[in-house]
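Here's the letter readout for the chains.
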Amino acid sequence: MTASRRRLWLVGGGLAAWALVLGVLAVVSHRTDAPTVREQRDLAAAIRVVDSAMGISVGQAGPDAVPVIMPITVDEGCRITPFRDGATATGVVRFFTKDAAGLLGRLGAGYPAAYEAKVSTDGKALRADAGGFVALRGKVIAPGEVQVTVTTGCRPSDAVEAVSLLPEYPQHAKPGEVLSVLGAASVEDSSVAFARCPSGRPATTASAVGHQVTAGPAAAREHDHGVAVVDTAEVYAYKRGASEAVVVLSTSERDARVYVTELC
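Numbers given to residues run from 1 along each chain, matching the order in which its sequence is written. This being a predicted model, a pLDDT of at least 70 is required before a residue's local features are given, and a value of 80 or more before pairs of side-chain atoms are given or counted; all residues contribute to the totals for chains, interfaces and linings. Side-chain figures throughout are based on the complete set of non-hydrogen atoms in the structure, without hydrogens or water.

### Some words on the state of the cysteines
Reasoning step 1: Criterion for a disulfide: a pair of cysteine sulfur atoms within 2.5 Å. By the definition in use, this model includes 2 disulfides.
Reasoning step 2: Paired by a disulfide, cysteine 197 and cysteine 264 hold their sulfur atoms 2.1 Å apart. Around the S-S axis, the bridge from cysteine 197 to cysteine 264 shows a dihedral of about -90 degrees and counts as left-handed. One end of the pair, cysteine 197, is in the loop between strand 7 (186-196) and strand 8 (202-211); the other, cysteine 264, is in the segment after strand 12 (256-262), with 67 residues separating them in the sequence.
Reasoning step 3: Sequence-ordered numbering of the bonded cysteines in the chain gives a disulfide pattern of 1-2, 3-4. Helix and strand definitions follow DSSP, with helices as H or I runs of at least four residues and strands as E runs of at least two, each counted in order from the N terminus.

### A closer look at the pattern of salt bridges
Reasoning step 1: A pair is scored as a salt bridge if a Lys or Arg side-chain nitrogen falls within 4 Å of a carboxyl oxygen belonging to Asp or Glu. On inspection of all chains with the given rule, the structure shows 8 salt bridges.
Reasoning step 2: Linking aspartate 51 and arginine 196 is a salt bridge whose minimum nitrogen-to-oxygen distance equals 3.1 Å. Of the two residues, aspartate 51 sits in helix 2 (residues 43-58) while arginine 196 sits in strand 7, which places them 145 residues apart along the sequence.
Reasoning step 3: The partner of glutamate 177 in a salt bridge is lysine 174, with the nearest N and O atoms 4.0 Å apart.

### As for the pairing of strand 1 (residues 65-81)
Reasoning step 1: Any two strands between which DSSP finds at least two bridges are classified as paired. In terms of strand pairing, strand 1 meets strand 2 (residues 84-97) through 13 bridges, oriented antiparallel. Across the sheet, the residue bridging to glutamate 76 is alanine 87, located in strand 2.

### A word on the nonpolar core
Reasoning step 1: Only buried Ala, Val, Leu, Ile, Met, Phe, Trp, Tyr and Cys residues count toward a nonpolar core, and they belong to the same one when joined by side-chain atoms within 4.5 Å. Buried means the residue's accessible area, taken with a 1.4 Å probe over protein chains only, is under 20% of the maximum for its type, while exposed means over 50%, and partly exposed covers the values in between. The biggest cluster of nonpolar side chains holds 35 residues, and the ones touching the most others in it are Leu107 and Leu136.
Reasoning step 2: Of all the elements in the fold, those that place two or more residues in this core are helix 2, strand 1, strand 2, helix 3 (100-110), strand 4 (125-131), strand 5 (134-142), strand 6 (145-151) and strand 7.
Reasoning step 3: A total of 9 residues in this core trace back to one element, the largest contributor, which is helix 2.
Reasoning step 4: Any two residues having at least one pair of non-hydrogen atoms within 4.5 Å are treated as being in contact. Setting aside its immediate chain neighbours within four residues, leucine 136 contacts Ala53, Ser57, Tyr111, Tyr115, Leu126, Arg127, Ala128, Val148, Thr149 and Val150.

These figures capture arrangement, not role.
Here it is as structure tokens:
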């Protein structure tokens, strides 16, 4: 073998060995390193973070606020790259209270330190990082209502039915019973939403719409021996014991939507 061929052989062998080393490092990094960009954590993993952040939020409601968990939604069709589709998951928790700004401040102080939650100087907005590149935002949307939104941004969801990724837990809340007390002639449009509490057990909100309601919402609180939290023309909210809360929202002159939440 000539000297020049020997040099070429050594160079080629060295490049092959270096490529092998880089390949091994890439595999090890993929399996062990934390994600460094949002697109490295898929939708299923991100939804688990959303579920947890919603549960932590619900767990901070306290005696002067009633939380309502909205179903996590998944919107498909966003673009991770020009050639790759993705999906975005969003979770929302609504809080009804007499002191919206005070509740928002309490939420900001109560999130884990890793969230790095910050409340705006006017006390009407909150920003936090729930981890895994999941954003948490809170805002006062009415004098007696705070809304917390947790969103994943566009994530990979290749060959996965997005709806199958949403968490489900057992639930026992029965908004139809509340609407029966209110004299509803018919009940429809029921839905259930979930969030995992810090303890690991679920919080759930079940909702339904009642038509031709004949009694005021205070009748339900009296029937349940509950404690009123909010009493306005638009919202009536009360706690029944330490484990459940009810919100009655008027949707028209004779119709109402009821949310029953099993608390953390």
